Amino acid sequence: MAECGRVDSNTSHTMDKSITLPPDEIFRNLENAKRFAIDIVRSFDHTAKAAGDKLYEISMQEEVTARLHFIKFENAYIETCLDFIKDHLVNTETKVIKATVDKEDEMTCLIKGCNFVLRNIPHEAFVYAKHADSEFRFQTTNPDIFPYLLVNIGSGVSIVKVESEDKFERIGGSSIGGGTFWGLGALLTKTKRFDELLQLASKGQHASVDMLVKDIYGGSYGYLGLTGDLIASSFGKSATADKEFSKEDMAKSLLHMISNDIGQLACLYAKLHNLSRVYFGGFFIRGHPVTMHTITYSINFFTKGEVQALFLRHEGYLGAIGAFLKGAEEDNPNQYSWGENYAGSSGLMSVSPDMNPMQRARSGTFDMLEMDRLERQLVNLPLLQDPSSYIPDTVDLTEDAPAREYWLYCFEEALDGVVKRAVASQPDMPEAALRAEKFRQKYRHKLQTLRQQPFAYGSLTVRSLLDTREHLKSIKCVVLLLCSFLEFYKRPWLVDSYDQWLERLKGPPHKCALFFVDNSGLLSRGTEVVLASNSGPALNDVTNGELQILTERIAAMDPVIEAGLREDRLLLVQSGSSSPCLDLSRLDKVLAMVVRERQTDLVIIEGMGRAIHTNYYAMLSCESLKMAVIKNSWLADRLGGKLFSVVFKYEVPVGKPNKDCGAFSPC
């Protein structure tokens, strides 16, 4: 594969070099780009003039966001890519073009890219299980990514031990790799296209070509622990059978032969260097199910399940990402956190010949990845009991088919209403209707894609559906909503720890409370309060900038709030999030520092998005309150309640003394 920023000249073809390039909007404001593969995107907040006695006035402001654009395509279309670079990027003063040319440079870029995606993209790595209910089992992001083994399968195989950001070593390899599969496959089947060869393999039956253990022994060889279906000799039957073999069967046998060989080699090096994390990448993988299954089977067989084969959602972009990082070292891109922009990313297996055959037209295919630079570095909440096992989302829609179908239907049904409200919020903007319609089309297309490929962006959750919608929005409507609902609902509630909480309030005050909502009544007890609000807008959630203005206005009327601000007992801090949900593993680094310095011993999470769709099962090392009103009838029924059921969940970590009763027990 060739990538933007990465040129591989090892492949030559005489076929037509035409390719359908992405629409212009993919390269919006290309003239502002400092480097090839990074685009400075400009967006505007278009708002009407404030009228009357408004809470505050929003002025038009310009936001500049660093965004990485990557496009992946076959080497056959490299000439068109070079023409594009020449037309748009050459002979300009601000452009820097970085490509991986020599082998040493290529390997450095590959490792830098791999480290980058493992650190910055949640659910980047996954285990493939062909016969499981959910084929893709995504791994949680672990800040400690080292050491690991990277098996890069290109023309040949390179096996690299990675010990730190800058320390890695090629410890082995093989000449039998993707080029071998492609070359022998072309000789056997007369098929010249790599994807077509993989497609043939997906339809083949290797047992008609391979000699199995049962072909030799009549069944299993129990003494050696060999099952009857195990391959004893690749292509073994072709030497004696007096018949023609199909292209599909030969391609499948060839794929098994090479994958098993690579798998065994990887296992030997993993054991030799005592490494348990083994990632597979390179153009040979391509997210193809048959390839991933054969490698997974091989790893499981040779290690007896002790080592898992891990694959990467964006393995095809590693070299290009690394090339960008290497060329932008003076800007220190690793000082920032980055996030995948679902609106401009194609998703896992989007170009697999089995999943989307129409995309494999002769006119050419591209696959895309967009990543936004987040202005603040994101880290784990220090109060998580076990960050490595923390999973923010309550339900994995990738595995729960009924829930997946409901929520996809729910978001699609709500789409017209979202568009209508967005247009109505900006009556003075003539282009609002056009932009809203473009958003409607894009989001509906994304939902349709997720019905077919729920694993496209990692584990599908309500949070990811909301985030996708926010990424696609070109119009945002911000509404401030300050209200308390609990006293209006008859008890007992669906989850009701209210009495235990009231008892706790009779005890000593908490030292510091972290509140992921808009307001707090704990200041009067002497508890320091940290209000964590969104860094960016999402739905009707208040942002940190809005909360600053709002709190100042309230302080002018409320002496408790005024005293809290003046005495530094009430702090307003950005959460680092721009989502209606809450991922406690990706919070603003400043917020994490405040939590430590203030010795926070209470965390309050409020709302369906933050306390139900996410963090319902989150285990913290301090007391916590999770509160929400269930405003969705399907979800309420799922949880065993009714519409507008109340969840009031007060938790004390096991082994932590309950201050109001002096006992070591959860409330």
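Just so you know, these numbers come straight off a predicted model, no measurement behind them. (Residues numbered from 1 in each chain as written. Predicted model: local features only at pLDDT ≥ 70, side-chain atom pairs only at ≥ 80, totals over all residues. Heavy atoms only, no water.)

### Some points on the overall build of the protein chain
A count of helical and extended segments in the protein chain gives 18 helices and 23 strands. For the protein chain, the proportion of contacts with a sequence separation of at least 24, taken over those separated by at least 6, is 70%. Total accessible area on the protein chain is roughly 30,800 Å²; 52% of this is exposed by carbon and sulfur atoms. (Helix = DSSP H or I, 4+ residues; strand = E, 2+ residues; numbered from the N terminus. Contact = heavy atoms within 4.5 Å. Areas by Shrake-Rupley, 256 points an atom, 1.4 Å probe, with all protein chains shown as cover.)

### A short note on empty space enclosed by the protein
In the structure shown here, the tally under the stated rule is 10 cavities of 30 Å³ or more. For the largest cavity, the calculated volume is near 180 Å³. Forming the walls of the largest cavity are 21 residues, and the residues nearest its centre are Lys72, Arg313, Leu348, Met349 and Asp367. Of all the secondary structure elements, the ones that give two or more residues to the lining of the largest cavity are strand S12 (308–312) and strand S14 (367–374). Classifying every residue of the lining of the largest cavity gives 9 nonpolar, 6 polar and 6 charged. Formed jointly, the lining of the largest cavity draws a minimum of three residues from each of two domains, domain 1 (2–108 + 314–375) and domain 2 (125–209 + 245–312). (1 Å grid on protein atoms, 1.4 Å probe; cavity = no way out; pocket = protein on both sides within 12 Å on 5 of 7 lines; lining within 4 Å. Points joined across faces, edges and corners; volume = space filled by probe spheres on them. Nonpolar A, V, L, I, M, F, W, Y, C, P; charged D, E, K, R; others polar. Domains from an automatic or database assignment.)

### Overview of the pattern of salt bridges
Pairing is possible between side chains of opposite charge, provided their charged atoms come close. With the rule as written, the count across this model stands at 31 salt bridges. Between Asp416 and Arg440 there is a salt bridge; the shortest N-O distance is 2.3 Å. With Asp416 in helix H10 (residues 415–424) and Arg440 in helix H11 (residues 432–452), the pair connects residues that are 24 residues apart, well separated along the chain. Overall, Asp416 belongs to the partly exposed group, its relative accessible area being 40%. With a closest N to O distance of 2.8 Å, Glu503 and Lys506 form a salt bridge. The class for Lys506 is exposed, based on a relative accessible area of 64%. In this structure, a network of salt bridges that share partners links the residues Glu405, Glu412, Asp416, Glu437, Arg440, Arg444 and Arg451. (Salt bridge = Lys/Arg side-chain N within 4 Å of Asp/Glu carboxyl O. Buried < 20%, exposed > 50% of the residue type's maximum accessible area, 1.4 Å probe, protein only.)

### Regarding a nonpolar patch on the surface
Residues Leu184, Leu187 and Leu188 make up a contiguous nonpolar surface patch of roughly 270 Å² in combined accessible area. With respect to the element layout, Leu184 can be found in helix H3 (residues 178–189). (Patch = residues over 30% accessible without salt bridge, like charges linked within 9 Å, V, L, I, M, F, W, Y side chains within 5 Å.)

### Considerations on the nonpolar core
Judged by nonpolar contacts, the single largest core of 45 residues is most densely connected at Val151, Phe280 and Phe284. Among the elements that make up this core, the one with the highest residue count is helix H6 (residues 247–272) (10 residues). Counting residues in hydrophobic clusters, the runner-up holds 32 residues, among them Ala403, Leu408, Tyr457 and Tyr616. (Core = buried A, V, L, I, M, F, W, Y, C linked by side-chain atoms within 4.5 Å.)

### Let's talk about the environment of Leu369
Along the polypeptide, Leu369 turns up in strand S14. Discounting chain neighbours no more than four positions away, the residues touching Leu369 are Leu68, His69, Phe70, His314, Tyr317, Ile321, Glu340, Gly344 and Ser345.

### Section: the pairing of strand S8 (residues 168–174)
Strand direction decides the pairing type here: strand S7 (residues 157–162) and S8, joined by 6 bridges, are antiparallel. Within S8, the residue paired with Val157 across the bridge is Ser174. (Pairing = 2+ DSSP bridges.)

### Observations concerning the environment of Gly347
Position of Gly347 among the secondary structure elements: in the loop between strand S13 (337–340) and S14. Between the alpha carbons of Gly347 and Leu369 there is a distance of 7.9 Å; along the sequence they are 22 residues apart. In this view, Gly347 contacts Asp367, Ala456 and Tyr457; residues no more than four positions away in its chain are not counted.

### Some remarks on helix H16 (residues 589–597)
For the α-helix, the turn length of 3.6 residues means that residues three or four positions removed from each other point alike. Listing the buried residues of H16 in full gives Leu591, Ala592, Val594 and Val595. Take H16 and look down its axis: the buried residues cluster within an arc of 160°, on one side only. More than 90 degrees from the buried face of H16, the exposed residues found are Arg596 and Glu597. Tucked into the core, H16 has its buried residues touching strand S15 (378–379), strand S17 (512–516), strand S18 (528–533), strand S19 (570–574) and strand S20 (587–588). The opening residue of H16, the one whose side-chain oxygen lies 2.7 Å from the backbone nitrogen of Val590, is Asp588. (Arc of directions from axis to C-beta. Polar contact = N/O pair within 3.5 Å; in protein donor to acceptor, adjacent residues only side chain to side chain.)

### A look at the packing of aromatic side chains
Applying the stated criterion across every chain yields a total of 31 aromatic pairs. Between the aromatic rings of Phe181 and Phe284, the centroid separation amounts to 5.8 Å while the plane-to-plane angle is 80°, which identifies the pairing as edge-to-face. Of this pair, Phe181 sits in helix H3 while Phe284 is found in the loop between strand S11 (277–281) and helix H7 (289–303), placing the two residues 103 residues apart along the sequence. A relative accessible area of 0% means that Phe284 is categorised as buried. One aromatic cluster is present, formed by Phe126, Tyr128, Phe136, Phe138, Phe280, Phe311 and Phe455 through successive ring pairs. Positioned above the aromatic ring of Tyr336, the side-chain terminus of Arg373 is 4.1 Å from the ring centre. A cation sits over an aromatic face here: Lys649 above Tyr616, 3.8 Å from the ring centre. (Phe/Tyr/Trp six-rings, centres within 6.5 Å; stacked < 30°, edge-to-face > 60°. Lys NZ or Arg CZ within 6 Å of the ring centre and 35° of its normal.)

### Side note on the environment of Arg170
Note that Arg170 resides in strand S8. Overall, Arg170 belongs to the partly exposed group, its relative accessible area being 48%. Dropping the residues within four chain positions of it, Arg170 is found in contact with Val157, Ser158, Ile159 and Val160. Among the polar contacts listed, one links the side chain of Arg170 to the side chain of Ser158, at a separation of 3.1 Å.

### Describing the confidence of the model for the protein chain
Confidence in the prediction for the protein chain averages 81 pLDDT; 79% of positions are at 70 or higher. Counting interchain partners and residues more than four positions distant, the pLDDT-below-50 stretch residues 351–364 has 39 contacts. Note on residues 474–487: pLDDT is under 50 here. Beyond four places in sequence and across chains, it has 31 contacts. (pLDDT = per-residue confidence, 0-100.)

### Some words on the sheet that holds strand S16 (residues 495–496)
Read across the sheet, 7 strands follow the order S16-S23-S22-S21-S17-S18-S19 without closing on themselves; strand pairing throughout is mixed. Here the strands that pair on one side only, and so sit at the sheet edges, are S16 and S19. Relative to strand S23 (residues 646–651), strand S22 (residues 623–629) runs antiparallel, the two being bridged by 6 bridges. Paired with Met627 across the strands is Phe648, a residue of S23. In this fold H16 packs onto S17, S18 and S19, with an angle of close to 150° to the strand it touches most, S19. (Axes fitted to C-alpha atoms, helices over the stretch in contact; angles between N-to-C directions.)

### Details of unusual backbone geometry
Pro147 follows Phe146 through a cis peptide bond whose omega is -10°. When you line up the elements, Pro147 lands in the loop between strand S5 (136–138) and strand S6 (148–153). Even without being a glycine, Lys304 presents a positive backbone phi close to 55°. Judged by its relative accessible area of 74%, Lys304 falls in the exposed class.

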